[in-house]
Amino acid sequence: MSLVRLQDIRKYFPVKRSIGEVLLRTSQSFVKAVDGISFEIKAGETFGLVGESGSGKTTTGRIVLRLIEPTEGTIEFDGKDITKLGSDEMRKLRKDMQIIFQDPMAALNPYMKIGDAIKHGLDIHNIGNTQSERKKLICEMLERVNLQADLYDRYPHELSGGQRQRIVIARALILRPKFVVADEALAMLDVSVRSQLLQLLIELKKEMNLTFLFITHDLATTKYMCNRIGVMYLGKFVEIGTYQHIYESPMHPYTKALISAIPEPDPKIMESKKRLIPEGEVPNPINPPSGCRFHPRCPYVMDVCKNVEPPLVKSPDDRLIACHLYTEKSAVQQQDS
Ligand code: SF4
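These numbers were taken from a predicted model, which means no experiment stands behind them. (Residues numbered from 1 in each chain as written. Predicted model: local features only at pLDDT ≥ 70, side-chain atom pairs only at ≥ 80, totals over all residues. Heavy atoms only, no water.)

### A short note on the sheet that holds strand β12 (residues 236–242)
With respect to topology, 8 strands assemble into an open sheet ordered β8-β9-β10-β5-β11-β12-β14-β13, the strand pairing being mixed. In the strand order of this sheet, the two ends are held by β8 (97–100) and β13 (313–314), each with one partner. Here helix α7 (residues 191–208) sits on the sheet and contacts β5 (46–50), β8 and β10 (211–216); the angle it forms with β10, its principal contact strand, is near 160°. Relative to the sheet, helix α10 (residues 253–260) contacts β11 (228–233) and β12, its axis offset from that of β11 by approximately 105°. (Pairing = 2+ DSSP bridges. Helix = DSSP H or I, 4+ residues; strand = E, 2+ residues; numbered from the N terminus. Contact = heavy atoms within 4.5 Å. Axes fitted to C-alpha atoms, helices over the stretch in contact; angles between N-to-C directions.)

Take a look at the structure:
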């Protein structure tokens, strides 16, 4: 059963134009941050969103939670269309839909003690009958994320980066949400802390039966965390599959390039690894390329790719892929030869 379902979501941000310092009111151009994506996340699943910066993954995460509104499309949560819910109804629903941001320092109020920061959510959603009951819940949660309960009275600047991110996790999970968006939640941590927190998220997901949207540019972490992975490029999905599909037999040329760039701990394996480096830079999302958006950088580009957008279709091994190599019979033969 799906917990989250997005249908044909688009988000176009108007580009503000100016002459000198005068801002013009008319905006004729749009950044097409997300341009027609549909996917669902099953209850209990972790769905990874990967892609380079500018692929639209962070915008997608915020749209799911309605932290930003889509230009078009439908968002369903727990079987209910929440696209047009009013702010009161959304506030109630926020208990079930939480987010862990990338930068814990920015996510925490520097003037608020840790205990008060976590208690804020309990107060809003009326969890715990008394203040002492709420404090007990907070201390238990601090211990569950492997922190000392006496951090309750400390301020964010007194903690390390890893401790602050554990606080952000505790603040999100103390509300017992059904669904969590983790947006580059481990990106600002050093390698050893990152692996500890990855392990913690895996444990908490199991214990609390959580459903995750796990947004990252670090494909190596999705291997351990995600059941399925969607690869985004310039606001669209190019491939969606299990981590075995994506890691062990990537099909889309862009996915192959991303996987080939994952560093290997063994320098000999890294040296022998065949790297696929896409040509050039990611194109401007204000004016994305015609046809397949990846065509100016793709080593397998064909004439059809320049004019016809490849649809996202199911492959025989049950993944979704948007590439003419797999929809054009002649092209498949060309690739095989
Ligand atoms: Fe490359 Fe064409 Fe496939 Fe796009 S559709 S990824 S340009 S082969």
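### A closer look at the site of the ligand
In the vicinity of the ligand, the contacting residues are H252, P253, C292, F294, H295, C298, Y300, C305, P310, C323, H324 and L325. Considering only residue class, the shell around the ligand consists of 9 nonpolar, 3 polar and no charged. (Near = heavy atom within 4 Å. Nonpolar A, V, L, I, M, F, W, Y, C, P; charged D, E, K, R; others polar.)

### Brief notes about the environment of V145
In this fold, V145 is placed in the loop between α5 (131–144) and α6 (161–173). As for V145 and A170, which are separated by 25 residues in sequence, their C-alpha atoms are 6.6 Å apart.

### As for unusual backbone geometry
The phi torsion at R66 lies on the positive side, around 60°, for a residue other than glycine. Relative to the assigned elements, R66 resides in the loop between α1 (57–64) and β6 (72–77). At L234, a position not held by glycine, the phi torsion is positive, near 45°. Here L234 shows up in the loop between β11 and β12.

### Brief notes about the packing of α6 against α7
Any two packed helices are characterised by how steeply their axes cross, that is the angle between the axes, and by the distance between the axes. One way to put it is that α6 packs onto α7 with a least axis distance of 11 Å and a crossing angle of 15°. The orientation of α6 relative to α7 falls into the category roughly parallel. Handedness of the crossing formed by α6 with α7: right-handed. Residue-level contacts link G162, Q165, R166, I169 and L173 of α6 to V193, Q196, L197, L200, L201, L204 and M208 of α7. (Parallel < 35°, antiparallel > 145°, perpendicular 65-115°, else oblique. Left-handed = near helix turned anticlockwise from the far one by under 90°.)

These results come straight from atomic positions and should not be treated as a statement about function.
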